Amino acid sequence: MRSVLKNTRLKGALLLLAAALLPLILSVAFSLFQAQKTVQRQLQANASILINQADSISDEAWNMVSRIRQLEGQPCEAIEQQLQRYGTLYAYFRSVGVTSADLITCSSAYGGEQAKLETMIRQPLPAMNKAWWSFSVAGTYGVPDRPAVLFYRRTPTGYGSYAVVEAQYLMDFMRAIYEQRGYQISMQFGDGYPISTQSGEIQAPSYLSPAPLKTQSTRYPIHVTVKSTGSEIADVWWQTFLTFLPMALILAVMLVGLLVTWLKRRMSFADDMRRAIAHGEFAVWYQPVYNIELGCCAGAEALMRWQRPNGEWVRPDVFIDAAEREGMIIPLTHHLLDLIARDAKNWTVPPGFHLGINVAAEHLQHPDFVSDIRDFAVRIAHLNATITLELTERSLIQDGEEVAKRLALLQQEGMRIAIDDFGTGHCALSYLEQFPLDYLKIDKGFVNTIESEHGETPVLEAIISLSHRLKLEVLAEGVESAMQYRWLREHGVSFIQGYLYARPMPNADLMRWMTSYGHVAPDDMSLHGSTNRAGIVINT
Ligand code: C2E
Ligand code: CA
Ligand code: CA
């Protein structure tokens, strides 16, 4: 019993810890999720601003390229000045010019000095089949160490016009964002050189940083990648977590409070039961079973009763269920066996008298089960009775093989095995063959379906014939009327238990009852006695 108690305490402590930590863990996780979302939104916002800037620069550049196109085919001397004017029109044009077969024939920077377009951008021209394209480059012939963007338009006749735009403006913009937020940004026009803030200044990415955001312009082939730093996420996360914290703490306190109340009630129920055992509030009542073939009492089922000191009775199904839930069923069954052994000291019963004991699933699975029952058998050996273990279908589901072995062992030692409340559990019929069973107790619910002496109750009839085929003895529970009794007798049921024959009675009445009524058939009982409301048979 002590180890059960220790286990319950440990479980309680673990539950309390879980209840206290759960809201905190949830708010840490939720605020991290929120922080990542917030940072993602900020990345998106900054990328959009940058793309807008790049789009409007592209608009200006393409306008310029269109304007220069008007000058195509004219000699350089005629258009040189115009080109120079265009070149200085906007601060961010590095140079503008015209080409013929990708050869610069006239430009704002070098006038009529001819050069290959490739020489100006210091790299081969991209393989483009388009008439219009833009392309970022690391530098140009005149300014080799500063990125720029080439906007180029080629006509089918071989003429072309171009504008080279300074990337410095975009880079200043990126740097401003970097200084404010620490974002690492890179921007590419076409498949060209990635324009970015200096990589040396960028903080190393941390495990907290979200995946870099990659986005692009809807109007031009401009791609932007923005990457946040881990410390930003950590900052936003901390801020979000602080706003959640008071709520999480209140929730933790509430959960712990609820749990403490619940645990206290649980503990107090188990304590209550332990106290009731110590104060002798439990007693065993016995309900006689009738053997139809022999026409006499075949035995009795032991049923636990609990009466509190104030006289109030606790219903068995209530306290048995609670005992099973609170880990008290094994101590309670030990107590039951003690009480029966004490009661049985003064009994005289016919040899082979069946003493039915209800066994809970948990007890059946317990390693001490076989020795508990053997010890009990020794203590009532003087009776020469047959112990019948009543098991529910539920108790056979777990550890089937081990349980079958234990039952077979006890069966060999003279005990009998009954399956209780048959038909109410979720047991497969195959269990009936797998386990060493002797009796099948048909639940009261099926007996209630008998409506008239010659009426049909297909399920009940199927259960009875199945038991006969499996060579199991059948006991019908909850038999309350003579009509039900006669029906069951006609259909080959051998044992009857129910209010018609006898209600459960205290030990003090059992021997007296056996002498007076043991041989009276159930349907003659009403002629012999009546029962009071507590279920005690009063002889008349
Ligand atoms: P059970 O094992 O099916 O016990 C038969 C129940 O049917 C008993 O209820 C009994 O009083 C009731 N009964 C018998 N004949 C009639 C009848 O003609 N009409 C009606 N309406 N009821 C009848 P009880 O004593 O209230 O026990 C309820 C359940 O509690 C039992 O069902 C059993 O599952 C459990 N129980 C009782 N005592 C013990 C025990 O010592 N150990 C264990 N593990 N379970 C027990
Ligand atoms: Ca039973
Ligand atoms: Ca039953």
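From a predicted model like this one, the values you see are computed outputs, not experimental measurements.

A.B. asks: Can you break down the overall build of the protein residue by residue, with the values?
C.D. replies: When helices and strands are counted, the protein shows 16 helices and 22 strands. In terms of overall dimensions, the protein is more spread out than a globule: its C-alpha atoms have a radius of gyration of 47 Å, far above the 24 Å expected for 540 residues. Dimensions of the protein along its principal axes, counting C-alpha atoms only, are 140 × 50 × 40 Å. Counting the 540 residues in the protein, one finds 47% classified as buried. Considering only intrachain contacts with a sequence separation of at least 6, the fraction spanning at least 24 residues in the protein is 64%. A gap of 6 Å separates the mean positions of the 47 positive and 55 negative side-chain charges of the protein.

A.B. asks: Could you give an account of helix H2 (residues 76-89), naming the residues involved and the relevant values?
C.D. replies: In this model H2 runs 19 Å from its N-terminal to its C-terminal C-alpha over 14 residues, within 8% of the 20 Å that 1.5 Å per residue would give. Of all the residues in H2, the buried ones are Cys76, Ile79, Leu83, Tyr86 and Gly87.

A.B. asks: An account of the site of ligand 1 is requested, with residue identities and associated values reported.
C.D. replies: Inspection of the region around ligand 1 gives 19 residues, with Gln287, Arg305, Lys444, Glu480 and Tyr499 positioned closest. Met304 is positioned with one of its backbone polar atoms (N or O) 3.1 Å from a nitrogen atom of ligand 1. In the model, an oxygen atom of ligand 1 is placed 3.1 Å from a nitrogen or oxygen of the Asn358 side chain. With the chains in place, 80% of the 790 Å² that ligand 1 exposes on its own is no longer accessible. Applying the majority rule of atoms within 2 Å of the grid points places ligand 1 in the largest pocket. Residue contributions to the shell around ligand 1 peak at four residues, all from strand E12 (residues 296-307). Considering only residue class, the shell around ligand 1 consists of eight nonpolar, four polar and seven charged.

A.B. asks: Go over helix H7 (residues 329-344), please, and point to the residues and values.
C.D. replies: In this model H7 runs 22 Å from its N-terminal to its C-terminal C-alpha over 16 residues, within 8% of the 22 Å that 1.5 Å per residue would give. Counting buried residues along H7, 13 of its 16 residues qualify, which places the element largely inside the surrounding structure.

A.B. asks: So what about the coordination of the calcium ion (ligand 3)? Which residues, and what values?
C.D. replies: Only Asp420 (OD), Asp421 (OD), Glu477 (OE) and Glu477 (OE) from the protein reach the calcium ion (ligand 3) as donors, at distances of 2.2 to 2.4 Å. All donors of the calcium ion (ligand 3) come from a single chain, and their spacing in sequence reads D-D-x55-E. Separating the calcium ion (ligand 3) from the calcium ion (ligand 2) is a gap of 4.0 Å, which Asp420 spans by donating to each of them. Linking Asp421 in strand E16 (residues 416-422) with Glu477 in the loop between strand E18 (473-476) and helix H15 (482-490), this pair joins segments that are 56 residues apart in sequence. Overall, Asp421 belongs to the partly exposed group, its relative accessible area being 26%. Under the relative-accessibility criterion, Glu477 is labelled buried at 11%.

A.B. asks: Can you explain empty space enclosed by the protein? Please cite residues and give values.
C.D. replies: Taken as a whole and judged by the stated rule, the model has two cavities of 30 Å³ or more. Taken as a whole, the largest cavity spans an internal volume of roughly 160 Å³. Contributing to the lining of the largest cavity are 16 residues, with Val289, His354, Thr388, Glu390 and Leu475 lying nearest its centre. Listed by contribution, the elements that provide at least two residues to the lining of the largest cavity are E12, strand E14 (354-358), strand E15 (386-392) and strand E17 (439-442). Ranked by the residues each element gives to the lining of the largest cavity, the list is headed by E12, at four residues. Across the lining of the largest cavity, the residue classes tally to eight nonpolar, five polar and three charged.

A.B. asks: Can you lay out the pairing of E16 for me, pointing to particular residues and giving the numbers?
C.D. replies: Across the seven residues of E16, five count as buried, placing the element largely inside the fold. Strand direction decides the pairing type here: E15 and E16, joined by five bridges, are parallel. Bridging across to E16, Leu389 finds its partner in Ile417. Bridge count between E16 and E17: three bridges; the pairing is parallel. Residue pairing in the sheet places Phe422 in a bridge with Ile442 of E17.

A.B. asks: Break down the coordination of the calcium ion (ligand 2) for me, with residues and values.
C.D. replies: With distances of 2.1 to 2.3 Å, the protein atoms coordinating the calcium ion (ligand 2) are Glu301 (OE), Asn358 (OD1), Glu390 (OE) and Asp420 (OD). Read N to C, the donor residues that coordinate the calcium ion (ligand 2) are spaced as E-x56-N-x31-E-x29-D. For Glu301, a relative accessible area of 5% gives the class buried.

A.B. asks: Pulling in residues and values, what's your account of the domain arrangement of the protein?
C.D. replies: How big an interface is tends to be stated in terms of accessible area lost as the parts join. As assigned here, the protein comprises domain 1 (37-233) and domain 2 (281-535). Computed over C-alpha atoms only, the centres of domain 1 and domain 2 are separated by 93 Å.

A.B. asks: Before we move on, can you summarise the nonpolar core with the specific residues and values?
C.D. replies: The biggest cluster of nonpolar side chains holds 86 residues, and the ones touching the most others in it are Phe282 and Leu488. Residue contributions to this core peak at nine residues, all from H7. Those residues in contact with Leu488, other than ones at most four positions away along the chain, are Val447, Ile450, Leu460, Ala476, Val479, Val493 and Ile496.

A.B. asks: Tell me about the environment of Leu89, residues and numbers included.
C.D. replies: Structurally, the position occupied by Leu89 is in helix H2. Leu89 sits 25 residues away from Met64 along the chain, and the two C-alpha atoms are 9.8 Å apart. Among residues more than four places away in sequence, those in contact with Leu89 are Met64 and Arg67.

A.B. asks: Any details on the state of the cysteines? Residues and values, ideally.
C.D. replies: By the definition in use, this model includes one disulfide. Each sulfur in the disulfide pair Cys76 and Cys106 lies 2.1 Å from the other. Taking the sign of the torsion about the S-S bond as the criterion, the disulfide between Cys76 and Cys106, at about 65°, is right-handed. Here the residue Cys76 occupies a position in helix H2, and Cys106 occupies one in strand E2 (residues 103-107), the gap between them amounting to 30 residues. Summarising the burial analysis for this pair, Cys76 and Cys106 share the class buried. The thiol of Cys296 is unpaired, and the distance to the nearest cysteine sulfur, on Cys297, comes to 7.1 Å.

Cut-offs and rules
Residues numbered from 1 in each chain as written. Chains lettered and ligands numbered in written order. Predicted model: local features only at pLDDT ≥ 70, side-chain atom pairs only at ≥ 80, totals over all residues. Heavy atoms only, no water. Helix = DSSP H or I, 4+ residues; strand = E, 2+ residues; numbered from the N terminus. Rg over C-alpha atoms; globule rule 2.2 N^0.38 Å. Buried < 20%, exposed > 50% of the residue type's maximum accessible area, 1.4 Å probe, protein only. Contact = heavy atoms within 4.5 Å. Lys, Arg positive; Asp, Glu negative; His and termini not counted. Charge placed at Lys NZ, Arg CZ, Asp CG, Glu CD. Expected span 1.5 Å × (residues − 1). Near = heavy atom within 4 Å. Polar contact = N/O pair within 3.5 Å; in protein donor to acceptor, adjacent residues only side chain to side chain. Areas by Shrake-Rupley, 256 points an atom, 1.4 Å probe, with all protein chains shown as cover. 1 Å grid on protein atoms, 1.4 Å probe; cavity = no way out; pocket = protein on both sides within 12 Å on 5 of 7 lines; lining within 4 Å. Sits in = over half its atoms within 2 Å of the grid points. Nonpolar A, V, L, I, M, F, W, Y, C, P; charged D, E, K, R; others polar. Donors = N, O, S within 2.8 Å, 3.2 Å for Na, K, Ca; no water. Points joined across faces, edges and corners; volume = space filled by probe spheres on them. Pairing = 2+ DSSP bridges. Domains from an automatic or database assignment. Core = buried A, V, L, I, M, F, W, Y, C linked by side-chain atoms within 4.5 Å. Disulfide = S-S within 2.5 Å.

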